[in-house]
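Structural description and commentary
Listed below, chain by chain, are the residues.
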Amino acid sequence: MGSSDGRILILVVIATVVFFVGRRFQRTLDTWAGWGKAIQAAAEAAGKIPGAKSAAWAAVRGMIGVGLLALILVAVVANAIRHG
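Bear in mind the structure is a predicted one, so any value in this text is a computation, not a measurement.

Thoughts on the overall build of the chain
Secondary structure summary: the chain contains 1 helix and 0 strands in total. Against the 2.2 N^0.38 benchmark of 12 Å for 84 residues, the chain shows a C-alpha radius of gyration of 35 Å, more extended than a compact globule. Summarising its shape, the C-alpha atoms of the chain cover approximately 115 × 25 × 5 Å along the three principal directions. Among the 84 residues that make up the chain, the fraction classed as buried is 0%. For the chain, the accessible surface area stands at approximately 7,400 Å², while carbon and sulfur atoms represent 75% of it.

Overview of the environment of isoleucine 14
With respect to the helices, strands and loops of the structure, isoleucine 14 is situated in helix α1 (residues 3-83). Spatially, the C-alpha atoms of isoleucine 14 and alanine 42 are 42 Å apart, while their sequence positions differ by 28 residues.

Here's the deal with the environment of valine 17
Within the secondary structure layout, valine 17 lies in helix α1. Residues valine 17 and glycine 62 lie 45 residues apart in sequence; the distance between their C-alpha atoms is 65 Å.

With respect to a nonpolar patch on the surface
Judged by side-chain polarity, Trp57, Val60, Ile64, Leu68 and Leu71 come together as a nonpolar surface patch covering roughly 510 Å² of accessible area. Relative to the helices and strands, tryptophan 57 resides in helix α1. Tryptophan 57 gets classed as partly exposed once you look at its relative accessible area, which sits at 49%.

With respect to the packing of aromatic side chains
Going through the model one piece at a time under the given rule, you end up with 2 aromatic pairs. Residues phenylalanine 19 and phenylalanine 20 carry aromatic rings whose centres are separated by 5.6 Å and whose planes lie at 70° to one another, so their mutual orientation is edge-to-face. Here phenylalanine 20 falls in the exposed class, since its relative accessible area comes to 54%.

A few points about α1
The end-to-end C-alpha separation of α1 is 113 Å, in line with the 120 Å expected for 81 residues at 1.5 Å each. A maximum bend of about 35° is found in α1 at isoleucine 49, where proline proline 50 lies one to four positions downstream.

Thresholds applied
Residues numbered from 1 in each chain as written. Predicted model: local features only at pLDDT ≥ 70, side-chain atom pairs only at ≥ 80, totals over all residues. Heavy atoms only, no water. Helix = DSSP H or I, 4+ residues; strand = E, 2+ residues; numbered from the N terminus. Rg over C-alpha atoms; globule rule 2.2 N^0.38 Å. Buried < 20%, exposed > 50% of the residue type's maximum accessible area, 1.4 Å probe, protein only. Areas by Shrake-Rupley, 256 points an atom, 1.4 Å probe, with all protein chains shown as cover. Patch = residues over 30% accessible without salt bridge, like charges linked within 9 Å, V, L, I, M, F, W, Y side chains within 5 Å. Salt bridge = Lys/Arg side-chain N within 4 Å of Asp/Glu carboxyl O. Phe/Tyr/Trp six-rings, centres within 6.5 Å; stacked < 30°, edge-to-face > 60°. Expected span 1.5 Å × (residues − 1). Bend = angle between axes of the 7 residues up to and from the residue.

Structure, rendered in C-alpha cells:
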C-alpha cells in the first residue's frame, strides 16, 4: 500500500468514527430532550389529577341522581298503570 492509499484509509476511518460519534451525540440530545418533555408532561398530568377526580365523582353523583329519578318515574308510571 502506497502512502496516498494509507492517507485515504486513515481519512475514511476518521470520517467513519466522526460519523458514529455524531450519531451518538444526536441520539443523546434527542433522549435528553425527550426526558425533559416527559418530566413536563408528568408534572402537568399530576396537576390535572385533583380536577379529574372531582369531575369523575361529580359524574358518579349525577348518574346516581338520574338513576334515582328514573326509578321514581318508572315506579309512578307502573303504579298509575296498575291502578288505572
